[in-house]
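Take a look at the letters that make up each chain.
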Amino acid sequence: MCPVADHPIIIPAAPDTVIWKYFQEKYFRSLFADEALFFRRVIDFARSDPFEGTKPERDKMNDRRHALRSSNSIEELKVRADSAESVDVYGMRQRVVVNCWKMAATESNHMWHLYSKVSDGSIGVAVKSTVHAMHNALANQPSLIHGSKVRYIDYEQDTFKKQGEYEHGTANVMVPMIHKNIHGFPDENEYRLIHQYTGGGMPDEWWDEYDGCRGCMIKVDLPELITEVVLSPNSSEVDRLRI
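Residues numbered from 1 in each chain as written. Predicted model: local features only at pLDDT ≥ 70, side-chain atom pairs only at ≥ 80, totals over all residues. Heavy atoms only, no water.

On to the packing of aromatic side chains, then. Ring pairs (aromatic) are described by centroid distance and by the angle formed between their planes. According to the stated counting rule, one finds 10 aromatic pairs in the structure shown. The interplanar angle of 25° and the centroid separation of 6.3 Å between the aromatic rings of Trp20 and Tyr22 together place this pair among those described as stacked. When sorted by exposure, Trp20 lands in the same class as Tyr22, which is buried. Centroid distance Tyr22 to Trp112: 5.0 Å. Interplanar angle 85°. Geometry classified as edge-to-face. One end of the pair, Tyr22, is in strand 1 (residues 18-24); the other, Trp112, is in helix 6 (residues 109-115), and 90 residues separate them in sequence. Considered together, Tyr22 and Trp112 belong to a single accessibility category, that of buried residues. The rings of Trp20, Tyr22 and Trp112 are connected pair by pair, giving a single aromatic cluster. Lying across the ring of Phe23, Lys21 places its NZ or CZ 5.9 Å from the centre. The ring of Phe45 has Arg192 lying over it, and the distance from NZ or CZ to the ring centre is 5.9 Å. (Phe/Tyr/Trp six-rings, centres within 6.5 Å; stacked < 30°, edge-to-face > 60°. Buried < 20%, exposed > 50% of the residue type's maximum accessible area, 1.4 Å probe, protein only. Helix = DSSP H or I, 4+ residues; strand = E, 2+ residues; numbered from the N terminus. Lys NZ or Arg CZ within 6 Å of the ring centre and 35° of its normal.)

Shown next as structure tokens:
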């Protein structure tokens, strides 16, 4: 068994931090049918956020300078410069899958807008939990998982490492997995569960396909996880009885 593990680069959340996961109704039903959370490849999030799992521009520039200073040959310089420019030199965006939650004391109108489609009559469903409950709910499954708050930075102006705030830079390939661009996501406040594939084979063989994305289902103890289930504001009494 493998409880949620510490990692040097993560940004921990207090155990009593309230977290929410919002579902369209069909995916909420899937949660109960599978008794599992779907972890999605980081690269699939790049469809809506091209910075997902990448390095900020200033870090790329610093890596290029380091390559120029430390390379002993033209060939070595070319390899290091290519690495500095690469969006994902080690393929981590395909190797890492994540499951995303929102940290908030109360429900989010913005999230209800995204997950409840009034026009087609469907409703949204939110699962409320805490970081402590989440970690307990994942304690008896075999996959190595890390949990971290996401840190939001300006990918044009900032670097990963900032003295007194965050002490890790591009040398650790997991660092980009817990950062996002603040532009477009200022109110997201995400808590992220992270799992990395470490075996061999080709990327298309690593993960299962699920609703147009690739990733994996990881078993979760639902009674341990869920502290409350909340239906979207557009739900009716009939919906409440049905759910």
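Picking up where we left off.
A word on the environment of Asp187. On the secondary structure map, Asp187 appears in the loop between strand 7 (179-181) and strand 8 (190-196). For Asp187 and His110, which are 77 residues apart along the polypeptide, the C-alpha to C-alpha distance reads 9.3 Å.

This brings us to the side chain of His179. Assignment of secondary structure puts His179 in strand 7. Among the residues examined, His179 registers a relative accessible area of 0% and is labelled buried. The contact partners of His179, leaving out residues within four places of it in the chain, are Val150, Arg151, Ile153, Tyr155, Phe160 and Tyr166. (Contact = heavy atoms within 4.5 Å.)

What follows is about the nonpolar core. With 30 residues, the main nonpolar core has Leu37, Phe39, Trp101, Met134, Leu138, Leu193 and Leu225 as its most contacted residues. Counting residues in each nonpolar core, the second largest holds 18 residues, with Ile9, Met92, Val98 and Val175 among its members. (Core = buried A, V, L, I, M, F, W, Y, C linked by side-chain atoms within 4.5 Å.)

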